[in-house]
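What the coordinates show
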Amino acid sequence: MPAILKNLDGRVALPILALAGCGVAIGVAIKCSQVLRGKTIAFLDKHRKDFPLKVASGFSYEDRISQLPDHLLSDILLRLDLIEAVRTRILSKRWKDICKLMSKLNFDCCKMFGEIEDHGNYSFKHKGRFLKAVDQSLRLYSGQHVPYFILTCCLGKEFANVISRWMQSIAALGVEELLIKFCSPIHVDKNGNGSLVKHFPFPFELLFEAASLKNLHLFACVLRPSFKGQFKSLQFLTLCMVPLDDGQLPSIFSSCPNLQGLRVSHCKLPFRMDIIGVHLRLKFLFIESCHGVKEIDISAGNLTFFYCYTDEVIKHSLRFVPELENLSLSCNGSGTVPHLFSEVAKDCTQLKQLLFQTKTDELQCIPLKMDMFSNLRILYLLIMFDSNNWMTNSKVDLLNLTPILDACPLLEQFRLLARCPGRNAKRGGAWPPRHHAHLKEMEFDGFRGTMNEIAFASFLLRSASELERLCIRSSYSTYSADFTWTEHPDYEIYPEERQEIYKQLMGQALSSKVNVIFS
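The shown structure was predicted, so the numbers you read here are calculated from the model rather than taken from an experiment.

**Concerning the overall build of the protein chain**
Along the protein chain, the regular secondary structure elements total 14 helices and 24 strands. Every one of the 519 residues in the protein chain was classed for burial, and the buried ones make up 49%. In the protein chain, the share of contacts with a sequence separation of at least 24, taken over all contacts with a separation of at least 6, comes to 63%. For the protein chain, the exposed surface amounts to about 24,900 Å²; the carbon and sulfur share of it is 53%.

Below you can see the structure in the form of structure tokens.
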């Protein structure tokens, strides 16, 4: 599990996983499901063939598989494709209604009748079969409870009435989590921003009647600028490749009074994005790789977690976030460092965990005095300097980071990446120690063994009286938009050099229980 997720308390970790998901777990699950699916099909097929022979020979008069509890039989069917699961209805009277107990329905137009790699070549014949299969399945499951429903389709605007009819049927199934993905052609501009060639007009308001729907994920569609009604049950909303630059966000907030989590990914946003509302219950906000936005203004009294990942320069105004405890910002461009530590910091008085990742040349622009991060316990500071700017890099001095540490009197964990290949290796010195009595863990990524790095590590060892662990890595890790750490191999420190650095550092340690680790 990523380090940042390990440090989150239970109130935060569950919604993060609900919104973000976990790429590695999904990959493992897919592999396992493929293996189990093959074994399940073979198992059921053998049972269908062997059972009449066993009965005829007097070997057995009991169908022991059919006597398994409903929840076990339903779990077996979950490992099959929907069509294969429905076919088990012909096995016996016992199996006739077992498929109705499935807790998850997955309709994928490109996998339901065999693999079709190119969505653009999806034929009218396949569309007709898919439409018929979904219609029949919705009739079969009418009146049943289906907690999880997935719909992936290549249908265009001409099928808007069909989708509307399906949404009305889905709303009556007691669905708790709904994922809908439209596979439309995507155009990528010169800046790498993707946009849909054709947007499917999704009838968002038709789901307002889904009284049990808590989690909704929409991919590659367009919402109306405004809609009436109340979506009272919705708590978490994920929007991916959904244009939101025409007034959709205010409509969403006004129509979803109980919305607690919002994740927008690869969406076109307005120049100024306002997350404001007197009665806003939003607790978790994720903005990932979106374009068009230059300013984000947040006034949300219940917000506890805010994550923004972008390559653009964005001005953040956190005017009223009294409950914000976890802030993760990954952004680039001029002014990002002074803006964070002079403007953003003063409004986050309850912040306990901060991750700041940037590519910049502005380390020397950190304010010497700043408002206290009086409650901050965990700090991830990931700074990558422009490797082509040799003049600026030669002036980089890690001493400039000390005002940040001074502003965090309760800091317990500190992870630093200050990757600067052109840093002046001779820059260093005996900096006067500070008093960081609560600092217990320190991780130093991208360590090359320069005098400047050794001097900074020594400074921390002399300042942290309760330090228990100093981990030094020559490789470095960056934080990605999918909430994972990506490790990058870098400079290699030889064993003899490690031993020499180890001796220098241990000779500076104030704490008697510190363990210096090279990895």
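Anyway, onward from the coordinates.
**Examining the packing of helix α13 (residues 451-463) against helix α14 (residues 495-506)**
Axis angle and axis distance: for two packed helices, these are the angle between their axes and the distance between the axes, and together they describe the pair. Put simply, α13 and α14 touch, their axes get as near as 9 Å, and they point 35° apart. Crossing geometry of α13 relative to α14 is assigned as right-handed. When α13 is examined against α14, the residues Ile454, Ala457, Ser458 and Leu461 are found in contact with a partner set consisting of Ile501, Gln504 and Leu505. Residues of the contact of α13 with α14, tallied by class, amount to 5 nonpolar, 2 polar and no charged.

**Looking at the nonpolar core**
Nonpolar side chains tend toward joint burial in soluble globular proteins. In terms of nonpolar packing, the biggest core is built from 128 residues, with Trp166, Phe204, Phe306, Phe414 and Phe456 touching the most fellow members. With near-sequence residues (within four places) excluded, Phe456 lies in contact with Leu398, Leu401, Leu405, Phe414, Leu416, Trp431, Met442 and Phe444. Counting residues in each nonpolar core, the second largest holds 17 residues, with Phe286, Phe305, Met384 and Phe483 among its members.

**Describing the side chain of Thr358**
With respect to the secondary-structure elements, Thr358 resides in strand β17 (residues 353-359). On the accessibility criterion, Thr358 (0% relative accessible area) is buried. Polar contacts involving the side chain of Thr358 include one to the main-chain carbonyl oxygen of Cys331, which spans 2.8 Å. With residues up to four places along the chain from it excluded, the contact list for Thr358 reads Cys331, Asn332, Thr336, Val337, Leu382, Ile383 and Met384.

**Considering the pattern of salt bridges**
Under the criterion given, the structure shown has 17 salt bridges. Put simply, Glu288 and Arg263 hold a salt bridge, and the shortest N to O gap is 2.7 Å. In this pair, Glu288 sits in strand β12 (residues 284-288) while Arg263 sits in strand β10 (residues 261-265), placing the two residues 25 residues apart along the sequence. Note on Arg263: relative accessible area 10%, which makes it buried. The partner of Arg415 in a salt bridge is Glu443, and the shortest N-O contact between them spans 3.7 Å. Here the residue Arg415 occupies a position in strand β19 (residues 413-419), and Glu443 occupies one in strand β20 (residues 441-445), the gap between them amounting to 28 residues. Across this residue pair, the class does not change: Arg415 and Glu443 are buried.

**Regarding unusual backbone geometry**
Phi is positive for Ala220, which is not a glycine, with a value near 55°. With respect to the helices and strands, the residue Ala220 is situated in the loop between β7 (215-219) and β8 (221-222). Assessed through its relative accessible area of 7%, Ala220 is described here as buried. Positive phi is not limited to glycine here, since His266 has a value of about 55°. Among the structural elements, His266 can be located in the loop between β10 and β11 (272-276).

**Regarding the sheet that holds strand β15 (residues 315-320)**
Across the sheet, 3 strands lie side by side as β11-β13-β15; this open sheet has parallel pairing. Sheet topology places β11 and β15 at the edges, where each strand pairs with a single neighbour. Pairs of neighbouring strands in the sheet enclose a mean axial angle of 10°, with direction left out of account. Direction of pairing for β11 relative to strand β13 (residues 295-299): parallel, over a ladder of 5 bridges. Across the sheet, the residue bridging to Arg272 is Glu295, located in β13.

**Details of the state of the cysteines**
A complete count under the given rule lists 0 disulfides for this structure. Unpaired in this structure, Cys154 has its nearest cysteine sulfur neighbour in Cys109, at a distance of 3.3 Å. Cys154 sits in the buried class, given a relative accessible area of 11%.

**Examining the environment of Thr478**
In this fold, Thr478 is placed in strand β22 (residues 476-479). Once the C-alpha coordinates of Thr478 and Met384 are considered, the two residues, 94 residues apart in sequence, prove to be 9.6 Å apart. Excluding residues within four positions of it along the chain, Thr478 makes contact with Gln357, Met384, Thr484, Trp485, Thr486 and His488. For Thr478, the side chain forms a polar contact with the side chain of His488, separated by 2.8 Å.

**Points about helix α8 (residues 160-171)**
Across its 12 residues, α8 extends 17 Å between first and last C-alpha, which sits within 8% of the 16 Å expected from 1.5 Å per residue. What α8 keeps buried is the set Val162, Ile163, Trp166, Met167, Ile170 and Ala171.

Conventions used here
Residues numbered from 1 in each chain as written. Predicted model: local features only at pLDDT ≥ 70, side-chain atom pairs only at ≥ 80, totals over all residues. Heavy atoms only, no water. Helix = DSSP H or I, 4+ residues; strand = E, 2+ residues; numbered from the N terminus. Buried < 20%, exposed > 50% of the residue type's maximum accessible area, 1.4 Å probe, protein only. Contact = heavy atoms within 4.5 Å. Areas by Shrake-Rupley, 256 points an atom, 1.4 Å probe, with all protein chains shown as cover. Axes fitted to C-alpha atoms, helices over the stretch in contact; angles between N-to-C directions. Left-handed = near helix turned anticlockwise from the far one by under 90°. Nonpolar A, V, L, I, M, F, W, Y, C, P; charged D, E, K, R; others polar. Core = buried A, V, L, I, M, F, W, Y, C linked by side-chain atoms within 4.5 Å. Polar contact = N/O pair within 3.5 Å; in protein donor to acceptor, adjacent residues only side chain to side chain. Salt bridge = Lys/Arg side-chain N within 4 Å of Asp/Glu carboxyl O. Pairing = 2+ DSSP bridges. Disulfide = S-S within 2.5 Å. Expected span 1.5 Å × (residues − 1).

In short, geometric facts, not functional conclusions.
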